[in-house]
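Residues per chain, in single letters:
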Amino acid sequence: MKIYIFPLLFFLSLQTVFSAEPWRGPLTIAHISDVHTTSREREGNILKIIEEVNANPEIDLVVVSGDWGGDAYPEEFVLAKKWFDAIKKEKITVPGNHETQWGYGSGTRFADTFGNDRFAISVKGIPVFGLNTSPPLQFIKSHIRSDDLQWLEGKLKEHASAPFVIVVSHYGPNGNELGNWFDLPEILRKNGIGKALILSGHWHRFMLCNWNGYPGIVGRAVAENKKKKQHGPGYVILNISGDGAVTASEKLLGKPPLAPEFTFKLGDAEWLAKTVNSGRNLRNARWAIKTPPEAKAVIETNETIFGGVAFSAGRFFYATHAGELVARDSGRHDFPVSWKVRPGGRLYGTPAVIGKNVIVGATAPARVCGYDIADGKLKWSVEANAPLLNSGVVYDGKLYVGLGRDQFAAIDPDTGTILWKVPCGNGEFQALPAVTDTLVVTGVWDEHAYALDRKTGKMLWKWRSPRSGLRYSPGNSTPAPGKDCIIIGTASTGVVLDAETGQCRFPFKGRESHGISVDGTTGYTRQLNGRLTAFSLSAPKYAEKFSVPYAKQDSNPAPIREYDGRIWLGTTDGEILVFSSDSGRILYRGKCGFSTVISIDRAPDGMIWVILAEGKIMLFPSGVEKHVSSQPHL
Ligand SMILES: [Fe+2]
């Protein structure tokens, strides 16, 4: 037998060597971005561009770096897939914020349509990776998720000997929009990738960026934009020669490519550093952010978390984007993991704790799951109509939860028995509902908020957003119930509704994010221009109490909390602010990280728990204070 082993091994090793396609430049890429097909004219343009690209024998790879559509209607996904299928070349695409952040089913629809939302292909021996950098249905800072980074790391290890790699991301490092943009170059460097090219979009402007040592091309949008000197519909052509020299040229539809706008060599970090600065953004990098000394504890989970935290005696719970419901011991200084389970798919919600149960929504399969708090054993599950991006709330011993979309239910948390289940809207649930003695109020991504009778589920009233368009739905607005009113909002307005009738008492300048004072007399809201505003809830019309600037811009939809006469607010930029409830004076501000503050909650022992999307959980004393200027750092 021995005699056959060597030839067999030799044959196998030859197979390994020759099965990897060798690099044989040049590689020519058509980089299409921000199609934004909302009109017939633009539809014509993308079809013509695809025809042109298909007919060009030099093009090896077509990259579409996101924003195929406008409002993420289902028909837009159908069209996007149709066009993508029409590309008769090697191709890759990633979702942009217009595929994930707004509208009807956009949280998971891109992956449903294209099979996934992260991709790895190989063209002429060059690995090409696509990442989803847009958080689902949330107008929060964009983010490269930890599970995607781990996936990318695995792929990079597989392709360690590649001459260079290409990464596609909708967001670039520019404009401080992609919170952890520096994680991408870091992971490339850590895995010995000296040469890489990163292709992105979103800015609708053809640019060269410096991803901390790696060149990035931001593609132009398909539509003509004379202000940006884009004189006709078009895209970008990149040519990479065998020695890694890159030329990037604008290509107007039907015309020859323009002279190269950017010429550089992959791996020439020195030239890049001299030419394009990434220093400003590096100030926001993980290593540049010091944990505020006022935090009493910091738990680095290193997992992307899009939901909040729940507490039981001696434990706390959170759910990760990678798909784990995690229970940890809150009584020990190192917060060890007690158990973790996988309810199914990626997780977006906030766990709910009631009695001996912890409950969370899953995405694949779409269901609500109840676990034994002691050991994480699955006790029951209730099938949902769509992947759960939302969470349930417990009240008076029962769980109130939207079933992904279209139906709302009250559930017995011990057995999973459905106490009532009613139709509720025509779209996804996302934010936490509000539950009072008489009402359950929830926003839906269908332009409406609904109020149900808490005991029976009977629909009592609905409120319609004054601005039409799914992106102006109150789907990600956690309603704040007052004595006889409900505060809710959309991306364009806030309103105070009569709790009994749903009639609008008055609108106010605000967005999805708001809160209410403990005594129920004052509403709080956050404005896009970075102001915290307080207004009276007893007045018949809008009466402002104070309005305090704290940031240049802040679109975080997370609720605003009040504890012990202090208002707590977390920003999209990872900052925590504490204001005095009576005057709005800033008592404390601390930069906790580089991603959005997802939630702020008070634990039973009074400590304030803060979760950032980057997976950092921080504990602050409720009386945290240090001398800070009342003027914000604008
Ligand atoms: Fe975009």
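Since this is a predicted model, take the numbers as computed values, not measurements.

The next point concerns the coordination of the iron ion. For the iron ion, every protein donor is listed as Asp-67 (OD), Asn-97 (OD1), His-170 (NE2) and His-202 (ND1), and the spread of their distances is 2.1 to 2.2 Å. Given four donor atoms and angles of 88 to 166 degrees at the metal, the environment of the iron ion is assigned as irregular. Coordination of the iron ion draws on donor residues from a single chain, spaced D-x29-N-x72-H-x31-H in sequence. Here Asp-67 is found in the loop between strand 2 (61–64) and helix 3 (74–86), whereas its partner His-202 is found in the loop between strand 7 (196–200) and strand 8 (207–211), with 135 residues between them in sequence. Taking the relative accessible area as the measure of exposure, His-202 reaches 18% and is therefore buried.

For the protein chain, the domain assignment lists domain 1 (19–286) and domain 2 (509–634). Placing the centre of domain 1 and that of domain 2 at their C-alpha centroids yields a distance of 36 Å. Listed as interface residues are 11 residues of domain 1 and, on the opposing side, 13 residues of domain 2. Counting the surface domain 1 buries against domain 2, the share from its top three residues, Phe-139, Ile-140 and Lys-141, is 53%. At the junction of domain 1 and domain 2, the tally comes to one salt bridge. Note that Lys-141 and Asp-573 form a salt bridge whose closest N and O atoms lie 2.7 Å from each other.

Moving on, we get to the nonpolar core. With 51 residues, the main nonpolar core has Ile-166 and Ile-217 as its most contacted residues. Ranked by residues supplied to this core, first place goes to strand 10 (residues 234–240) with five residues. Each residue touching Ile-217, except ones within four places of it in the same chain, is listed here: His-31, Leu-197, Ile-198, Leu-199, Ser-200, Phe-206, Met-207, Leu-208, Leu-238, Ala-248, Phe-262 and Phe-264. Counting 27 residues, the second-largest nonpolar core is a separate cluster that includes Trp-151, Leu-152, Ala-285 and Ile-289.

Reading across from one edge, 14-15-16-17 is the order of the four strands in this open sheet, with antiparallel pairing throughout. Bordering the open sheet on either side are strand 14 (310–312) and strand 17 (337–341), each of which pairs with just one other strand. Each strand of the sheet is rotated relative to its neighbour by a mean of 20 degrees, with strand direction disregarded. Pairing of strand 14 with strand 15 (residues 315–319), which is carried by three bridges, proceeds in the antiparallel orientation. Pairing of Ser-312 across the sheet is with Arg-315, part of strand 15.

Two orientations exist for strands paired in a sheet by backbone hydrogen bonds: parallel and antiparallel. Strand order in the open sheet formed by four strands is 26-27-28-29, and the pairing between neighbours is antiparallel. What marks the edges here is a single partner per strand, and that holds for strand 26 (434–435) and strand 29 (459–464).

When pLDDT is averaged across the protein chain, the result is 91; 94% of the residues are at 70 or more. Confidence drops under pLDDT 50 across residues 629–634; counting only partners more than four residues distant or on other chains, this segment forms 10 contacts.

Here we take up the pattern of salt bridges. In total, this model carries 29 salt bridges according to the counting rule given. A salt bridge links Lys-340 to Glu-324; the shortest N-O distance between them is 3.6 Å. In this pair, Lys-340 sits in strand 17 while Glu-324 sits in the loop between strand 15 and strand 16 (325–329), placing the two residues 16 residues apart along the sequence. Classification of Lys-340 by relative accessible area gives partly exposed; the value is 47%. Notably, a salt bridge pairs Arg-332 with Asp-334, separated by 3.7 Å at the nearest N-O pair. One connected set of salt bridges, linked through shared partners, spans Asp-117, Arg-118, Arg-145, Asp-148 and Arg-346.

Omega for the bond connecting Ala-364 with Pro-365 falls within 30 degrees of zero, at 0 degrees, which places this linkage in the cis form. One can find Pro-365 in the loop between strand 19 (357–363) and strand 20 (366–372). At Asp-34, a residue that is not glycine, the phi angle is positive and equals roughly 45 degrees. Mapped onto the secondary structure, Asp-34 falls in the loop between strand 1 (27–32) and helix 2 (40–55). A positive phi is found at Asp-396, a non-glycine position, where the angle reads about 50 degrees. Within the fold, Asp-396 resides in the loop between strand 22 (393–395) and strand 23 (398–402).

The full count for this structure, using the stated rule, is 30 aromatic pairs. On the numbers, 5.5 Å between centres and 70 degrees between planes, the contact of Phe-84 with Phe-114 is edge-to-face. Linking Phe-84 in helix 3 with Phe-114 in helix 5 (residues 106–114), this pair joins segments that are 30 residues apart in sequence. Residue Phe-84 is classed as buried on the basis of its relative accessible area, which comes to 10%.

Once that is clear, we can look at the packing of helix 6 (residues 146–158) against helix 7 (residues 183–190). Remark: helix 6 packs on helix 7, axes separated minimally by 10 Å, with the N-to-C direction vectors making an angle of 30 degrees. Between helix 6 and helix 7, the interaxial angle falls into the category roughly parallel. Considering how the two elements wind past one another, helix 6 and helix 7 form a crossing that is right-handed. Across from Leu-149, Leu-152, Glu-153 and Leu-156 in helix 6, the residues of helix 7 making contact are Asp-183, Leu-184, Ile-187, Leu-188 and Lys-190. Split into classes, the residues belonging to the contact of helix 6 with helix 7 amount to six nonpolar, no polar and three charged.

Taken across its five residues, strand 31 (residues 485–489) has five buried, putting it largely inside the fold. Burial along strand 31 is two-sided: the residues Cys-485, Ile-487 and Gly-489 and Ile-486 and Ile-488 are all buried. Where strand 30 (residues 480–481) lies against strand 31, two bridges are found, and the strand directions are antiparallel. What sits directly across from Ala-480, in strand 31, is Ile-487. What sits between strand 30 and strand 31 in their antiparallel hairpin is a turn of three residues. In terms of strand pairing, strand 31 meets strand 32 (residues 494–498) through five bridges, oriented antiparallel. For Ile-488, the partnering residue across the bridge sits in strand 32 and is Val-495. Joining the antiparallel neighbours strand 31 and strand 32 is a turn of four residues.

The rules behind each value
Each chain carries its own residue numbering, running from 1 in the written order of its sequence. Totals for whole chains, interfaces and linings use all residues, but because this is a predicted model, local features are given only for residues with pLDDT of at least 70 and pairs of side-chain atoms are given and counted only at 80 or more. To obtain the side-chain values, all non-hydrogen atoms of the structure were used and water was disregarded. Counted as donors are the N, O and S atoms within 2.8 Å of the metal, or 3.2 Å for Na, K and Ca, while water is not among the atoms, so some sites may look incomplete. Four donors are marked tetrahedral only if all angles between them lie between 85 and 135 degrees, whereas four are marked square planar and six octahedral if opposite donors are more than 155 degrees apart and the other angles lie between 65 and 115; the remainder are marked irregular. Only DSSP runs of H or I with at least four residues qualify as helices, and only runs of E with at least two residues qualify as strands; both kinds are numbered from the N terminus onward. Each residue is assigned to one of three classes by its accessible area relative to the maximum for its type, calculated with a 1.4 Å probe on protein chains only: buried under 20%, partly exposed between the two thresholds, exposed over 50%. Each domain's extent was defined by an automatic or database domain assignment. In this analysis, two residues are considered to be in contact whenever any of their non-hydrogen atoms come within 4.5 Å of each other. What counts as buried area is the accessible surface, traced by a 1.4 Å probe, that two parts surrender upon association, with contributions from both included. A carboxyl oxygen of Asp or Glu within 4 Å of a side-chain nitrogen of Lys or Arg is what we treat as a salt bridge. We define a nonpolar core as any set of buried Ala, Val, Leu, Ile, Met, Phe, Trp, Tyr and Cys residues linked to one another through side-chain atoms lying within 4.5 Å. At least two DSSP bridges between two strands are required for those strands to pair. Axis lines are fitted to C-alpha atoms, over the contacting stretch for helices. Their N-to-C directions set the angle, which ranges from 0 to 180 degrees. Every residue is assigned a pLDDT by the predictor, reflecting its confidence on a scale from 0 to 100. Within 6.5 Å between ring centres, the rings of Phe, Tyr and Trp (the latter by its six-membered ring) count as paired, and their orientation is classed by plane angle as stacked under 30 degrees, edge-to-face over 60, tilted in between. Every angle not falling under 35 degrees, over 145, or within 65 to 115 is termed oblique; those three ranges are roughly parallel, roughly antiparallel and roughly perpendicular. Each crossing is labelled by how the near helix is turned from the far one, with a counterclockwise turn of less than a right angle marking it left-handed and a clockwise turn marking it right-handed. Only Asp, Glu, Lys and Arg are considered charged in this grouping, and only Ala, Val, Leu, Ile, Met, Phe, Trp, Tyr, Cys and Pro are considered nonpolar; every other residue, Gly among them, is considered polar.

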